[in-house]
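Each chain, letter by letter, is given below.
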Amino acid sequence: MTSVKDRLGSVGYALGWKLVCRLPESWAWAGFRFFADVAWRRQGPRVMTLEGNLRRVLGPAATGKQLRALSRQTLRSYARYWLEAFRLPVIPMDRIMAGMHVSGEEKLQDTIKAGRGAIVALPHMGNYEQAGYWIINRGIGAFTTVAERLKPESLFNRFVAFREGLGMEVLPATGGVSRFGVLAQRLRAGRLVCLVSDRDVTGGGIEVEFFGEKARMMGGPAALAVQTGAALLPVTLWFEEAGWGAQIHDEIPVPAEGTRREKIAAMSQQLAEVYEAGIRAHPQDWHMLQPVFTADLDPDRLARAEAQAPVNGPVP
């Protein structure tokens, strides 16, 4: 049963969404930046988690002052993501198309034109909602993605409806239909799948080396490439002063040898290395406010995940 708190939260989001779209953009941005700075000063649990992640990016030689300055930039970047996500329906299309600067677009275009499915794998960087909207309106094609469930359920449904209104097919990360099966079907049909995969959401992820430490990420992108033969294309995103940047990296090929699990692990490690380079280049735009490094994860959940990990089967 939905609690009163959840219902009020859902109503608050709905009203806030409408208000943000109607306010002048400069006013809305000033408000979002104000609340980002308030959260930064309070240093709550999620900000502490963010700074723990950013400390790995900066390295042990970084000072506390450098870390705090970067976390403030990151929270402002995260606020910009939410502001733009809310305002996406009222941002002029020509501004989105002209403001998106993409390197390597031909890799994605050529793959889709050849009738081969493509898996766009991204970290939590920049504005992937806007990037998805750009892909659709660029004529590359509609795509299927997976969304982590939000609470309350009504808020999750609102976000799903919003993304579907932009032309995306959205599958829930937990519950419902078999996500792996649907995604594989779309890829075999030569379609596009976009997955944010730099954090293990389901508890069945792959352990990789990331900024010199062990971390757990979703193995789904690599597993789908092994299963279907679709191209695995890493993409990194960032904000520019008056627009957005993206790089579509070279395809990560399926290894010729090894078990299914070994192939998935090897490809996931390559994916992590691409993410690492992209995050180092734009650390303020990596919006990771949840634990991703193994040392920070809940030990009980980690033990269950390792006990349930398949030896040679596809990773969900």
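About the thresholds
- Residues numbered from 1 in each chain as written.
- Predicted model: local features only at pLDDT ≥ 70, side-chain atom pairs only at ≥ 80, totals over all residues.
- Heavy atoms only, no water.
- pLDDT = per-residue confidence, 0-100.
- Helix = DSSP H or I, 4+ residues; strand = E, 2+ residues; numbered from the N terminus.
- Contact = heavy atoms within 4.5 Å.
- Axes fitted to C-alpha atoms, helices over the stretch in contact; angles between N-to-C directions.
- Parallel < 35°, antiparallel > 145°, perpendicular 65-115°, else oblique.
- Left-handed = near helix turned anticlockwise from the far one by under 90°.
- Nonpolar A, V, L, I, M, F, W, Y, C, P; charged D, E, K, R; others polar.
- Pairing = 2+ DSSP bridges.
- Salt bridge = Lys/Arg side-chain N within 4 Å of Asp/Glu carboxyl O.
- Buried < 20%, exposed > 50% of the residue type's maximum accessible area, 1.4 Å probe, protein only.
- Core = buried A, V, L, I, M, F, W, Y, C linked by side-chain atoms within 4.5 Å.
- Phe/Tyr/Trp six-rings, centres within 6.5 Å; stacked < 30°, edge-to-face > 60°.
- Lys NZ or Arg CZ within 6 Å of the ring centre and 35° of its normal.

Participant: What am I meant to see in the confidence of the model for the protein here?
Facilitator: Do not read the predicted coordinates in detail wherever pLDDT is low. When pLDDT is averaged across the protein, the result is 87; 86% of the residues are at 70 or more. Mean pLDDT per element in the protein: helix α12 (residues 299–308) is the minimum at 62, and strand β8 (residues 231–240) is the maximum at 98. Note that residues 1–6 has pLDDT below 50 and, in this model, 3 contacts with residues that lie over four places away or in other chains.

Participant: Can you help me understand the packing of helix α10 (residues 220–228) against helix α11 (residues 260–281) in this one?
Facilitator: Any two packed helices are characterised by the angle at which their axes cross and by the distance between the axes. Look at α10 against α11: their axes get within 8 Å of each other, and the N-to-C directions meet at 130°. The angle between α10 and α11 places the two elements in the oblique class. In this structure, α10 meets α11 at a crossing whose hand is right-handed. Residues Pro221, Ala222, Ala223, Ala225, Val226 and Gln227 of α10 lie in contact with α11, whose contacting residues are Arg260, Lys263, Ile264, Met267, Ser268 and Leu271. Looking at the contact of α10 with α11 residue by residue, the classes come out as 8 nonpolar, 2 polar and 2 charged.

Participant: Sorry, what's going on with the sheet that holds strand β2 (residues 118–122) here?
Facilitator: Pairing between the strands of a sheet comes from backbone hydrogen bonds, and it takes one of two forms, parallel or antiparallel. Spatial ordering of the open sheet is given by β1-β9-β8-β2-β5-β3-β4, a layout of 7 strands whose pairing is mixed. Taken across any chain shown, the strands that pair with only one partner, and hence form the sheet edges, are β1 (100–103) and β4 (169–172). Strand-to-strand twist of the sheet, defined as the mean angle between neighbouring strand axes without regard to direction, takes the value 25°. Two strands pair when backbone bridges link them, and strand β3 (residues 143–147) and strand β5 (residues 192–196) are joined in this way by 3 bridges, in the parallel orientation. Across the sheet, the residue bridging to Thr144 is Val193, located in β5. Against the sheet, helix α9 (residues 179–188) engages β2, β3, β4 and β5, with an angle of about 155° to β4.

Participant: For this particular structure, what's the right way to read the pattern of salt bridges?
Facilitator: Once their charged atoms are close, side chains differing in charge can pair, the charge on each being opposite to the other. Tallied over the full model, the rule gives 15 salt bridges. Note that Asp200 is salt-bridged to Arg216, the shortest N-O span being 3.8 Å. Here the residue Asp200 occupies a position in the loop between β5 and β6 (206–210), and Arg216 occupies one in strand β7 (residues 213–217), the gap between them amounting to 16 residues. Residue Asp200 shares its accessibility class with Arg216, and that shared class is buried. Linked through salt bridges whose partners overlap, the residues forming this network are Asp37, Arg72 and Arg76.

Participant: I tried to follow the environment of Ile140 on my own but got confused; where do I start?
Facilitator: Its location among the elements puts Ile140 in the loop between α7 (128–137) and β3. A relative accessible area of 7% means that Ile140 is categorised as buried. Spatially, the C-alpha atom of Ile140 lies 8.7 Å from that of Leu192, the residues being 52 residues apart in sequence. Here Ile140 is in contact with Glu105, Leu108, Gln109, Ile112, Trp134, Ile135 and Leu192, once residues within four sequence places are set aside.

Participant: Just to check I follow, could you spell out the packing of helix α3 (residues 45–58) against helix α4 (residues 64–87) for this structure?
Facilitator: Put simply, α3 and α4 touch, their axes get as near as 9 Å, and they point 115° apart. α4 is crossed by α3, and the crossing has right-handed handedness. Residues Arg46, Val47, Leu50, Glu51, Leu54, Arg55 and Leu58 of α3 lie in contact with α4, whose contacting residues are Gln66, Leu67, Arg68, Leu70, Ser71, Thr74, Leu75 and Tyr78. Considered class by class, the residues forming the contact of α3 with α4 number 8 nonpolar, 3 polar and 4 charged.

Participant: Please clarify how the nonpolar core should be interpreted in this entry.
Facilitator: Within soluble globular proteins, side chains that are nonpolar tend to cluster in buried spots. Formed by 87 residues in total, the largest nonpolar core has its most connected members in Leu108, Leu192, Phe210 and Trp286. When neighbours within four sequence positions are excluded, Leu192 is seen to be in contact with Leu108, Ile112, Ala118, Val120, Ile135, Ile140, Gly141, Ala142, Phe143 and Thr144.

Participant: Would you mind going over the packing of aromatic side chains with me for this structure?
Facilitator: Two aromatic rings are characterised by how far apart their centres lie and by the angle between their planes. Following the criterion strictly, the structure yields 11 aromatic pairs and no others. Between Tyr78 and Trp82 the ring centres are 6.2 Å apart and the planes differ by 75°, which places this aromatic pair in the edge-to-face class. Note that Tyr78 and Trp82 are positioned in helix α4 at a spacing of 4 residues, about one turn of the helix. Judged by relative accessible area, which is 23%, Trp82 ranks as partly exposed. Arranged with centres 5.8 Å apart and planes meeting at 25°, the rings of Phe210 and Phe293 form a pair that is stacked. With a gap of 83 residues between them, Phe210 in strand β6 and Phe293 in the loop between α11 and α12 connect regions that are remote in the sequence. Comparing Phe210 with Phe293, the two get one shared label, buried. An aromatic cluster is defined as three or more aromatic residues linked by ring pairs; in this entry it consists of Phe32, Tyr78, Tyr81, Trp82, Phe86 and Tyr128. In this structure, Arg56 packs its charged tip against the face of Phe293, placed 4.4 Å from the ring centre. Seen from the ring of Trp40, Arg72 lies directly overhead, with NZ or CZ sitting 4.8 Å from the centre.

Participant: Explanation requested: unusual backbone geometry in the structure shown.
Facilitator: Note on backbone geometry: most residues besides glycine have negative phi, and most peptide bonds are trans. One non-glycine residue, Gln43, adopts positive backbone phi at about 50°. Looking at where Gln43 falls in the secondary structure, it is placed in the loop between α2 (25–42) and α3.

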